[in-house]
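Each chain, letter by letter, is given below.
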Amino acid sequence: MNLYFNQIAAIVWKDFVTELKTRELLSAMFIFALLVILIFIFSINLSIVKASEVGPGVLWVAFLFAGTIGLNRSFMLEKENGCLMGLMLVPADRTTIYFGKLISNFIFLSIMELFILPLFMIFFNIEILEYLGPLLMVIFLGTLGFCALGTLLSSLSSNLKTREIMLPILLYPLLIPIVIGVVRMTGQLLEGVPLLDMMKWVGLTASFDIIYIGVSIMTIDHILEE
Amino acid sequence: MDNFGFLFAANAFVWGGIIYYVYTLKQRNRELEKDLALLKEAIGKESR
Amino acid sequence: MMDQEINEDSGGESSILVWLTGITFFAAMAAIFLFVPTEKTEGPIQRIMYFHIPSAWLSFFAFFIVFVSSILFLWKKEREWDIYANASAEIGVIFCSLVLITGPIWAKPIWGTWWVWDARLTSTLILWLIYVAYLMLRAQTDAGSMRARYAAVLGIVGFLNIPFIHFSVLWWRTFHPQPKVISSEGFGKGMDPSMLATLGVSLGAFTLLYFLLMGQRIRQEKLKDEIDRLKREKLFSS
């Protein structure tokens, strides 16, 4: 069991070292998310709509689009350098590759989100500090679900010829339930509704996370099989 | 109630869709069978 | 030899199935346009229901078959199950499209708009997108074990999404004023027995059509396999 966790940690560590050296991914994701938010601000008239009503949607669309860049990267990098072959040759359970990638995707996305949040607060003029705790909880649930399904599908799409195109097409329809959930929860939180009043949404997103991590564990062997 | 037009349109779509699909299926079937027959002929000639 | 078997198979059984489907469809058409009384409030347009609901049923059923075959494929790794999943997904998408086309045509005269973000319409649209992506994935990859495995994973993941879609869209809607209740919302309740009977015949006809189309699609895939096998044989022999 200890070996298993060590193997996961090794994969995560490897991703971090590459990112620290190149610093390509985080900056690209951050700028992209910022651009998405700006484009939305230009396309909606904030003097007419209530910021707390459109804000959450814009925030999550930015997270989603930027996150897709990260997902596309995560397996493509391995593919390009023949690294995935090496990982698969290691006498380790295939699920370690999944979990390693899931964790590193999750951490990268979370770091990016932490940078975006204050900017979101300033641009939309929304006070989020008083709801920060529950808001982080919602972001955690949403990001985990996104990464759980996203890692599975990017491991799949990285072997296709048209991987950058296919990943969003495969991923976005499947993400609609969780997007509806987190956007609704974020919106309600910013209106001052406590998280306890939306337990059904919390339950929906949490079970989404759990089920898709479970399905990924069961099916990743069939994807990473060469 | 004057919505026969809509009923007609919906029907046209349903039947059009089904018939078109069946038609393409038949077409593909015919092509495949032709291919198969040609291949068999070619193989038969060679083996002789 | 193999193709002869296939031919005989489809020749005997499918001709019975063709006739049965044809007769049931004829009966369904007669029931829809001659037998069943016109609905009082909605008028003749309500007869769309007898196509709309069976198409919806057929597409959901087809997607369920994709799910089951996908699981069986990953478990047993037999080409057979991959063929079933592929055929069923294609048929499901076609009938899902028919649902999405007849829905707005029914909605326009009754609700006054082509599209309402009603729970069922929305979830059908999402389902359609998922399975179109599934077919695109199949079209993108070359035939072989990889395509079958990837498609099977997507078939499982996609079907497991349905409960989430259902609840999220349902709760999402409840924050807004409800659209005028569509007559099919209270399924079977307060429905005239003659209407129920007609719907039953129509459901039967569409289900038979599903099996008929499945048989054809499966036969085609097997023919394709046979051609590939012969081609390879020829290549090696020459």
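Residues numbered from 1 in each chain as written. Chains lettered and ligands numbered in written order. Predicted model: local features only at pLDDT ≥ 70, side-chain atom pairs only at ≥ 80, totals over all residues.

Student: Please explain the overall build of chain A as it appears in this structure.
Tutor: A count of helices and strands for chain A gives 8 helices and 0 strands. Its helices and strands in sequence order give chain A the pattern α-α-α-α-α-α-α-α, from N to C terminus. Here the C-alpha radius of gyration of chain A, 18 Å, is about what a compact globule of 226 residues would show, namely 17 Å. Projected onto its principal axes, the C-alpha coordinates of chain A cover approximately 55 × 35 × 30 Å. (Helix = DSSP H or I, 4+ residues; strand = E, 2+ residues; numbered from the N terminus. Rg over C-alpha atoms; globule rule 2.2 N^0.38 Å.)

Student: Would you explain the overall build of chain B in this entry?
Tutor: Looking only at helices and strands, chain B features 1 helix and 0 strands. The principal-axis extent of the C-alpha atoms belonging to chain B is close to 75 × 5 × 5 Å. Looking at chain B as a whole, 8% of its 48 residues qualify as buried. (Buried ≥ 20, exposed ≤ 12 C-beta atoms within 10 Å, placed from the backbone.)

Student: Would you take a moment to explain the interface of chain C and chain B for this structure?
Tutor: By a frequent convention, interface size equals the accessible area lost on bringing the separate parts together. Each partner contributes residues to the interface: chain C has 26 residues there, and chain B has 22 residues. At the level of elements, helix H3 (79–111) and helix H6 (193–237) of chain C are the ones that each hand at least two residues to the side of chain C that touches chain B. Ranked by residues supplied to the side of chain C that touches chain B, first place goes to H6 of chain C with 10 residues. Per-class residue counts for the side of chain C that touches chain B are 13 nonpolar, 6 polar and 7 charged. (Contact = placed C-beta atoms within 7 Å. Nonpolar A, V, L, I, M, F, W, Y, C, P; charged D, E, K, R; others polar.)

Student: For this particular structure, what's the right way to read the confidence of the model for chain A?
Tutor: Detailed reading of the predicted model is not advised wherever pLDDT is low. The predicted model of chain A has a mean per-residue pLDDT of 89, with 100% of residues at 70 or higher. Per-element mean pLDDT across chain A ranges from 79 in helix H4 (residues 83–89) of chain A up to 93 in helix H6 (residues 132–157) of chain A. (pLDDT = per-residue confidence, 0-100.)

Student: I keep staring at the nonpolar core and nothing clicks. Help me out?
Tutor: Looking at soluble globular proteins, one finds that nonpolar side chains tend to be buried together. The biggest cluster of nonpolar side chains holds 128 residues, and the ones touching the most others in it are Leu149 and Val179 of chain A. Excluding residues within four positions of it along the chain, Leu149 of chain A makes contact with Leu171, Leu174, Leu175 and Tyr212 of chain A. (Core = buried A, V, L, I, M, F, W, Y, C linked by C-beta atoms within 7 Å.)

Student: Sorry, what's going on with the packing of helix H7 (residues 163–190) of chain A against helix H5 (residues 145–173) of chain C here?
Tutor: Packed helix pairs are characterised by how far apart their axes lie and by the angle those axes make with each other. Relative to each other, H7 of chain A and H5 of chain C sit at 30°, their axes nearing to 9 Å. When the interaxial angle is binned, H7 of chain A and H5 of chain C end up roughly parallel. Of the two elements, H7 of chain A crosses H5 of chain C, and the hand of that crossing is left-handed. Within the contact between the two elements, H7 of chain A uses Leu170, Leu174, Ile176, Pro177, Ile180, Gly181 and Arg184 of chain A and H5 of chain C uses Leu154, Val157, Gly158, Asn161, Phe164, Ile165, Ser168 and Trp172 of chain C. Grouping the amino acids of the contact of H7 of chain A with H5 of chain C by side-chain chemistry returns 10 nonpolar, 4 polar and 1 charged. (Axes fitted to C-alpha atoms, helices over the stretch in contact; angles between N-to-C directions. Parallel < 35°, antiparallel > 145°, perpendicular 65-115°, else oblique. Left-handed = near helix turned anticlockwise from the far one by under 90°.)

Student: I tried to follow the confidence of the model for chain B on my own but got confused; where do I start?
Tutor: Scored by pLDDT, chain B comes out at a mean of 85, with 92% of its residues at no less than 70. Scored by ipTM, the complex comes to 0.90, with pTM at 0.88.

Student: What is the right way to read the environment of Trp19 of chain C from this model?
Tutor: Relative to the elements of secondary structure, Trp19 of chain C occurs in helix H1 (residues 2–35). Residues Trp19 of chain C and Ala56 of chain C lie 37 residues apart in sequence; the distance between their C-alpha atoms is 23 Å.

Student: What is the right way to look at helix H8 (residues 199–223) of chain A in this model?
Tutor: An α-helical segment advances 3.6 residues per turn. Residues three or four places apart therefore align on the same side. Helix length check: H8 of chain A (25 residues) gives 35 Å between terminal C-alpha atoms against 36 Å at 1.5 Å per residue, within 8%. Along its length, H8 of chain A reaches its greatest deviation from straightness, about 35°, at Ile217 of chain A. Considering only its buried residues, H8 of chain A is in contact with helix H5 (94–124), H6 and H7 of chain A together with helix H2 (49–76) and H5 of chain C. (Expected span 1.5 Å × (residues − 1). Bend = angle between axes of the 7 residues up to and from the residue.)

Student: In this structure, what is going on with the interface of chain C and chain A? I would like to understand it.
Tutor: With 25 residues of chain C at the interface, the matching set in chain A holds 24 residues. Listing elements by their share of the side of chain C that touches chain A, those giving two or more residues are helix H4 (119–140) and H5 of chain C. A total of 16 residues in the side of chain C that touches chain A trace back to one element, the largest contributor, which is H5 of chain C. Among the residues forming the side of chain C that touches chain A, the class breakdown is 19 nonpolar, 5 polar and 1 charged.

Student: What is the right way to look at the packing of H2 of chain C against H5 of chain C in this model?
Tutor: All names here are of chain C. At a minimum axis distance of 8 Å, the contact between H2 and H5 shows a crossing angle of 130°. With respect to H5, the axis of H2 lies oblique. Relative to H5, H2 is oriented so that their crossing is left-handed. Two secondary-structure elements touch here, H2 through Phe63, Phe64, Val66, Phe67, Ser70, Ile71, Phe73 and Leu74 and H5 through Ala148, Ala152, Gly155, Ile156 and Phe159.

Student: What exactly am I supposed to notice about unusual backbone geometry here?
Tutor: The phi angle of most residues is negative, glycine excepted, and most peptide bonds adopt the trans form. Residues and elements named next belong to chain A. Its identity as a non-glycine residue notwithstanding, Arg23 has a phi of 50°, on the positive side. The residue Arg23 is located in the loop between helix H1 (2–22) and helix H2 (25–43) in this model. On the neighbour-count criterion, Arg23 (10 C-beta atoms within 10 Å) is exposed. If you check the backbone angles, Asn125 has positive phi at about 60° while not being a glycine. With respect to the helices and strands, the residue Asn125 is situated in the loop between H5 and H6.

Student: Would you explain H4 of chain C in this entry?
Tutor: Taking 1.5 Å as the rise per residue, H4 of chain C with 22 residues should run 32 Å; its terminal C-alpha atoms sit 32 Å apart, in good agreement. Structurally, H4 of chain C contributes buried residues whose contacts are with H7 of chain A together with H2, H3 and H5 of chain C.

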